[in-house]
Amino acid sequence: MFPSLALGFLVTGITAVAAASSIGCVGTIASLDDVSSAIQCTTVNIDAFTVPGGKTFELQLLDGTTVNVLGEIQFGNLSWAGPLFRVIGNDITFNGNNQRWDGGGPFYWDGQGSNGGVTKPRPMMQISISGTLNDVYVVNSPAHVFSITNPGPLTISGATVDDSQGNYPNSRSGNAAAGHNTDGFDVGGSDILIQNCTVLNQDDCLAISRGTNITFADNYCEHGHGISIGSISSNVVVSDIAIIGNHVVNSLYSFRIKTDTSATNSIVKSVTYSDNTATNCTDFGVLITQSYPSNMGTPGNGATISDINFNYGTTSLTADSGAYRVAVNCGSGSCTGDWDWSGLQTSGGKAGSIINNNLITGFVDTY
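The rules behind each value
Residues numbered from 1 in each chain as written. Predicted model: local features only at pLDDT ≥ 70, side-chain atom pairs only at ≥ 80, totals over all residues. Heavy atoms only, no water. Helix = DSSP H or I, 4+ residues; strand = E, 2+ residues; numbered from the N terminus. Rg over C-alpha atoms; globule rule 2.2 N^0.38 Å. Buried < 20%, exposed > 50% of the residue type's maximum accessible area, 1.4 Å probe, protein only. Areas by Shrake-Rupley, 256 points an atom, 1.4 Å probe, with all protein chains shown as cover. Lys, Arg positive; Asp, Glu negative; His and termini not counted. Charge placed at Lys NZ, Arg CZ, Asp CG, Glu CD. 1 Å grid on protein atoms, 1.4 Å probe; cavity = no way out; pocket = protein on both sides within 12 Å on 5 of 7 lines; lining within 4 Å. Points joined across faces, edges and corners; volume = space filled by probe spheres on them. Nonpolar A, V, L, I, M, F, W, Y, C, P; charged D, E, K, R; others polar. Phe/Tyr/Trp six-rings, centres within 6.5 Å; stacked < 30°, edge-to-face > 60°. Disulfide = S-S within 2.5 Å. Contact = heavy atoms within 4.5 Å.

Caption draft 1: Structural detail: the overall build of the protein chain. When helices and strands are tallied, the protein chain shows 3 helices and 33 strands. Here the C-alpha atoms of the protein chain give a radius of gyration of 23 Å, agreeing with the 21 Å that 2.2 N^0.38 yields for 367 residues. When the 367 residues of the protein chain are sorted by exposure, 50% land in the buried category. Here the protein chain displays about 14,400 Å² of accessible surface, and carbon together with sulfur accounts for 50% of that area. Of the charged side chains in the protein chain, 12 are positive and 28 negative; the average position of the first set lies 9 Å away from that of the second.

Caption draft 2: Looking closely at the layout of surface pockets. Roughly 330 Å³ of internal volume is contained in the largest pocket. The wall of the largest pocket is formed by 24 residues, among which D183, D204, G230, S231 and K258 lie closest to the centre. Secondary-structure elements contributing two or more residues to the lining of the largest pocket are β11 (146-148), β14 (185-187), β20 (227-232) and β23 (253-260). The element contributing the most residues to the lining of the largest pocket is β23, with 3 residues. Looking at side-chain class alone, the lining of the largest pocket contains 7 nonpolar, 10 polar and 7 charged residues.

Caption draft 3: Layout of the packing of aromatic side chains. This structure, assessed with the given rule, holds 18 aromatic pairs. Summarising the aromatic geometry, the rings of F310 and W341 are spaced 5.0 Å apart at their centres and angled 70° between planes, so their arrangement reads as edge-to-face. With F310 in strand β27 (residues 303-310) and W341 in the loop between β30 (339-340) and β31 (344-350), the pair connects residues that are 31 residues apart, well separated along the chain. On the basis of relative accessibility, which here comes to 0%, the residue W341 falls in the buried class. The structure contains a cluster of three or more aromatic residues connected by ring pairs, namely F49, F57, F75, F85, F94 and W101.

Caption draft 4: Focus on the state of the cysteines. Summed over the entire model, instances satisfying the criterion amount to 3 disulfides. What pairs with C25 in a disulfide is C41, and their sulfur atoms sit 1.9 Å apart. Where C25 bonds to C41 through sulfur, the torsion about that S-S bond is close to -125°, and the disulfide is left-handed. Of this pair, C25 sits in the loop between α1 (3-24) and β1 (26-29) while C41 is found in the loop between α2 (35-38) and β2 (43-46), placing the two residues 16 residues apart along the sequence.

Caption draft 5: Representation of unusual backbone geometry in the model. A cis geometry characterises the amide bond from R122 onward to P123, with omega recorded as -5°. Following the sequence through the fold, P123 ends up in the loop between α3 (105-108) and β9 (125-134). Omega for the bond connecting G230 with S231 falls within 30 degrees of zero, at 10°, which places this linkage in the cis form. Here S231 shows up in strand β20. Unlike most non-glycine residues, N213 shows phi in positive territory, near 55°. Along the chain, N213 turns up in strand β18 (residues 211-217). Overall, N213 belongs to the partly exposed group, its relative accessible area being 41%.

Caption draft 6: Local environment of the environment of W339. Tracing the backbone through its elements, the reader meets W339 in strand β30. On the accessibility criterion, W339 (1% relative accessible area) is buried. Taking C-alpha positions, W339 is 5.7 Å from L359, a pair spaced 20 residues apart along the chain. The contacts of W339, once residues within four sequence positions are left out, are I288, I305, S306, D307, I308, N309, N357, L359, I360 and T361.

Caption draft 7: Molecular detail of the environment of T298. Tracing the backbone shows T298 in the loop between β26 (284-292) and β27. Overall, T298 belongs to the exposed group, its relative accessible area being 67%. With 13 residues separating them along the chain, T298 and G285 place their C-alpha atoms 20 Å apart. Ignoring anything within four residues of it in the chain, the contact list for T298 reads T261 and S291.

Have a look at this one:
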């Protein structure tokens, strides 16, 4: 046999044995020291342990890996940039089993979030996988929770974010809620389904900053800033978004689209809201604004908002007495397309302004 041919067979054989070994083994993680060996397997079990402060718990997984979380994960307290956890891989099955991931939020919370004060590690959970992520239970995140930048189609089901302890002031926050900027899902990817999740927090339940083909369905959002697209900066596309069957309760906003005043060369298009329910919003029920960070300031027109629809099922919202039911603040000529709002029903609160938008059809703003 020719030496080169023999060498080729040898290499192929070694590769096949290594692949078979990865598929057949189960890796167990009970400390960060276990990670490097565990991720050589396509089944990874995570037992309860504490991640030392200042360290990222990172999993760079083989394609097709199944992860099973079997115990509570706690993160040591240390003021640093983060993230606390990062998972990377393709065609991953991540089973959280409702085991708690505790970010130690009270150590960091000072009412300022990522805007100042104590440096808070964020995001808590950086998700860069395709596949499925199920039943992940997060409590007391220092700031932002899930940051999603997936390499392929991803379904997230049954996740819980419970930052409700941050609703109350502490010695560093004055009269303000101690938790701040505790976004539930920050989405910057495409082909994503988020369903049957619960978010109790002090900021956006969902915030989509870029991406296409994103569905947010049958989720529960309480005490934060509701369901948002944005804020949208420059050179960004967000399109084909479906917001379906969600419940938004006791939040500042219910449904919001926000483009930065200074944004250019960006577009938000083809957004559909169906069968949602929102109760007791305290600032705005629906707010679409091109003056972010101001709600109703002077709008820019460098970004386009097109084809925003409330249809194919009734979305109902109830505003508190001091809140605006609906407000739209478009730049000159920068809101375009079809705006069928025949499925939006409002009550309570007071009427807001509609600026630079005569496209809305089918909607009657009722008290």
